[in-house]
Amino acid sequence: MSSIADRVTLLFRSKANRALDRAEDPREVLDYSYAQQLELLRKVRRGVADVATSRKRLDLQLIQLQQYAGKLQTQAQQALAAGREDLAREALTRRGAVTSQLTDLQSQQAALQADEDKLTLASQRLQAKVDAFRTRKETMKATYTAAEAQTRITEAVTGISEELGDVGLAMQRAQDKTEQMQARAGALDELIDSGVLADATLPAGRDDIQAELEALSSGTEIEQELARMKAQLPASAAQPAAVEGGSLNRPPGQEAP
């Protein structure tokens, strides 16, 4: 039972693979792969933009904290000059906290800058690969299209294509039928000539022997009509113009010796 199931599975896979192979167009596969690479490149660029945006925000925060730290330093000096040592100490305490924040932000900025540089380099490399793939893709598509056209032309010339194969079969059938009709016509002519078949265009009962009899009767009637016409001619006209002694060659007025 397992063997039968394995054979059915194998048969199904082979037929499915053959159907997919016929339906698959390499040009469509190449275009799809190129589209996938463009989508990946878009995501990488989006990542670079996001990292650059985050780094830019840190830059703004660093500038603001640096300005605030400078302001606290100035306030501490002013408070000390005014004799308010307690205020000066508070300002310096706050400045220390801001300085600590600045240190953390600078570390984050450095990390983001490193990530941005890596993503930018990856984006550039991916862009180069995508451009190279696009060039190769177009070359392969052009080569496949040319090969496909050459194959169709060759199939058309040799008559092995499906469309022209049907045309060739139709012409062959037409030629066979023509030869069959010619052979049938020739055979019927031979049968008519031999008397086996009668010519349907002639009157009923008319054959070659009848035709000969009618021709002989027609000739007899003509001879009889000619004899009757001769009998009706005058006696002088019935005699030949030439008489004995060769009078046909004697000049007028001369008598025979």
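Quick caveat, the model's predicted, so the values are computed rather than measured.

S.K.: Provide a residue-level description of the environment of Leu-121, including the pertinent values.
M.R.: You can see Leu-121 is positioned in helix α3 (residues 85-158). Leu-121 gets classed as partly exposed once you look at its relative accessible area, which sits at 40%. Residues Leu-121 and Val-48 lie 73 residues apart in sequence; the distance between their C-alpha atoms is 9.8 Å.

S.K.: Account for the environment of Gln-127, with residues named and values stated.
M.R.: As for its placement among the helices and strands, Gln-127 is situated in helix α3. A relative accessible area of 21% places Gln-127 in the partly exposed class. Note: C-alpha distance between Gln-127 and Leu-41 (86 residues apart in sequence) is 6.8 Å. Excluding anything up to four places from it in sequence, Gln-127 contacts Leu-41 and Arg-45.

S.K.: Can you lay out the confidence of the model for the protein for me, pointing to particular residues and giving the numbers?
M.R.: Within the protein, residue pLDDT values average 77, and 66% of them lie at 70 or more. Taking the mean pLDDT of every element in the protein, the minimum, 55, falls on helix α6 (residues 235-238) and the maximum, 90, on helix α2 (residues 26-81). A low-confidence stretch, residues 241-257 stays under pLDDT 50, and its non-local contacts, those more than four residues away or across chains, total five contacts.

Quick notes on the rules
Residues numbered from 1 in each chain as written. Predicted model: local features only at pLDDT ≥ 70, side-chain atom pairs only at ≥ 80, totals over all residues. Heavy atoms only, no water. Helix = DSSP H or I, 4+ residues; strand = E, 2+ residues; numbered from the N terminus. Buried < 20%, exposed > 50% of the residue type's maximum accessible area, 1.4 Å probe, protein only. Contact = heavy atoms within 4.5 Å. pLDDT = per-residue confidence, 0-100.

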